[in-house]
Amino acid sequence: MTRVIGLLGGTFDPIHHGHLRLALECAAMAGLTQTHLIPAHLPPLRAAPVASAAQRLRMVELATAGDDSLRADTVEVARGGTSYTVDTLMALRSAAPTDSLCLILGQDAFLKLRAWRRWEQILELAHLVIAARPGQDDADMDPALRQLQERHGVTDAAALQRHAVGGILSITIPALDISATRIRLSIAAGRSVRFLTPEPVIQFIQQEALYRNPA
Ligand code: ATP
């Protein structure tokens, strides 16, 4: 049986329950066998992270340790340099030629897809699972992206198993109002971040004295 692998890239500075719920909601709705959480070494389209790549990877490992369906993937941290998703997909595709690969994107990330390196190639290497939060609107979606969604859209998870690449499944997931930015700001302000991210991640942040200085 074809494995359907979810890929959730992020800065994970730090990882939090919003990321973990996103991974689990997508797994349930897209029928994913396993989901890889992939910390970027250096994200191309935003400011440099506060924690090092090794620290962010460690936090992803700690957060995913208790769940066999989630896996911390070192591909971008090990490759180093700027982390372009297209390079990651090429590497994962050649390591697992028959698996179905599903790149998980928040709707906000999908709306910026055209800024990504070689974005047109992404659907030749993977499916897209686009997760919108209730009420999120796509009124100002680029016409090229709307066309892409119309051309590649699939309505059921089974389609992601029948083909290894090229489908776009759009789903809606419940919103969890948590962000890494808010966690960093809370720590700098001396406030508790309990229940926003798993306890082992909080312990690691304390051990490493991360995020204590306001950015
Ligand atoms: P920051 O606040 O530093 O910008 P972030 O919390 O948005 O970080 P990222 O590592 O940039 O985290 O996010 C990786 C992916 O997870 C993105 O696709 C983003 O849309 C998604 N994501 C982040 N937080 C949530 C959340 N609370 N619910 C659903 N998806 C989320």
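Structure report, in brief. This structure is a prediction, so every number in the text was calculated from the model and none was measured.

Quick look at the site of the ligand now. Around the ligand lies a shell of 18 residues, among which H16, H19, L176, A180 and T181 are the nearest. In the model, an oxygen atom of the ligand is placed 3.0 Å from a nitrogen or oxygen of the F12 main chain. L176 is positioned such that a nitrogen or oxygen atom in its backbone is 2.7 Å from a nitrogen atom of the ligand. For the ligand, the accessible surface in isolation is 610 Å², of which the surrounding protein chains cover 85%. In this structure the site holding the ligand corresponds to the largest pocket. Of all the secondary-structure elements, those providing two or more residues to the shell around the ligand are β1 (4-10), α1 (17-30) and α9 (180-188). Considered class by class, the residues forming the shell around the ligand number 5 nonpolar, 9 polar and 4 charged.

Looking now at the pattern of salt bridges. Side chains that differ in sign of charge can pair as their charged atoms come close. Counting across every chain of the model gives 7 salt bridges. With its nearest N and O atoms 3.1 Å apart, the salt bridge here joins R114 to D142. Remark: D142 occurs in the loop between β5 (127-132) and α7 (143-152) and R114 occurs in the loop between α5 (107-111) and α6 (122-125); sequence separation between them is 28 residues. Overall, the relative accessible area of 26% leaves D142 in the partly exposed class. One salt bridge in this structure joins R194 and E199, with 3.6 Å as the shortest N-O distance. Overall, R194 belongs to the exposed group, its relative accessible area being 51%. According to the relative accessible area criterion, E199 is partly exposed, its value standing at 36%.

This next bit is on helix α2 (residues 53-64). Here α2 is 12 residues long and its end C-alpha atoms lie 17 Å apart, about the 16 Å a rise of 1.5 Å per residue gives. If you check which residues of α2 are buried, you get A53, Q55, R56, L57, M59, V60, A63 and T64. On its buried face, α2 sits against α1, β2 (34-39), β3 (70-72), α3 (75-79) and α10 (199-207).

Helices that pack against each other are described as a pair by the angle of their axes relative to one another and the distance between those axes. The interhelical angle for the contact between α2 and α10, taken along N-to-C directions, is 150°, at an axis separation of 8 Å. Classified by the angle their axes make, α2 and α10 are roughly antiparallel. Where α2 crosses over α10, the two elements pack in a sense that is right-handed. Residue-level contacts link Q55, R58, M59, L62 and A63 of α2 to P200, V201, F204 and I205 of α10. Here the residues of the contact of α2 with α10 sort into 7 nonpolar, 1 polar and 1 charged.

In this section: the sheet that holds β2. Spatial ordering of the open sheet is given by β3-β2-β1-β4-β5-β7-β6, a layout of 7 strands whose pairing is parallel. Every other strand in the sheet has two partners, leaving β3 and β6 (153-154) as the edge strands with one partner each. Across the face of the sheet, helix α4 (residues 85-95) comes into contact with β1, β2 and β4 (100-106) while running at roughly 155° to β4.

Let us look at empty space enclosed by the protein. If you walk through the whole model with that rule in mind, you get 1 cavity of 30 Å³ or more. Computed from the structure, the largest cavity encloses a volume of approximately 30 Å³.

Omega for the bond connecting D13 with P14 falls within 30 degrees of zero, at 5°, which places this linkage in the cis form. Here P14 is to be found in the loop between β1 and α1. At F12, a residue that is not glycine, the phi angle is positive and equals roughly 50°. By secondary structure assignment, the location of F12 is in the loop between β1 and α1. In the Ramachandran plot, Y211 falls in the positive-phi region, its phi being about 65° despite a non-glycine side chain. With respect to the element layout, Y211 can be found in the segment after α10.

Rules and cut-offs
- Residues numbered from 1 in each chain as written.
- Predicted model: local features only at pLDDT ≥ 70, side-chain atom pairs only at ≥ 80, totals over all residues.
- Heavy atoms only, no water.
- Near = heavy atom within 4 Å.
- Polar contact = N/O pair within 3.5 Å; in protein donor to acceptor, adjacent residues only side chain to side chain.
- Areas by Shrake-Rupley, 256 points an atom, 1.4 Å probe, with all protein chains shown as cover.
- 1 Å grid on protein atoms, 1.4 Å probe; cavity = no way out; pocket = protein on both sides within 12 Å on 5 of 7 lines; lining within 4 Å.
- Sits in = over half its atoms within 2 Å of the grid points.
- Helix = DSSP H or I, 4+ residues; strand = E, 2+ residues; numbered from the N terminus.
- Nonpolar A, V, L, I, M, F, W, Y, C, P; charged D, E, K, R; others polar.
- Salt bridge = Lys/Arg side-chain N within 4 Å of Asp/Glu carboxyl O.
- Buried < 20%, exposed > 50% of the residue type's maximum accessible area, 1.4 Å probe, protein only.
- Expected span 1.5 Å × (residues − 1).
- Contact = heavy atoms within 4.5 Å.
- Axes fitted to C-alpha atoms, helices over the stretch in contact; angles between N-to-C directions.
- Parallel < 35°, antiparallel > 145°, perpendicular 65-115°, else oblique.
- Left-handed = near helix turned anticlockwise from the far one by under 90°.
- Pairing = 2+ DSSP bridges.
- Points joined across faces, edges and corners; volume = space filled by probe spheres on them.

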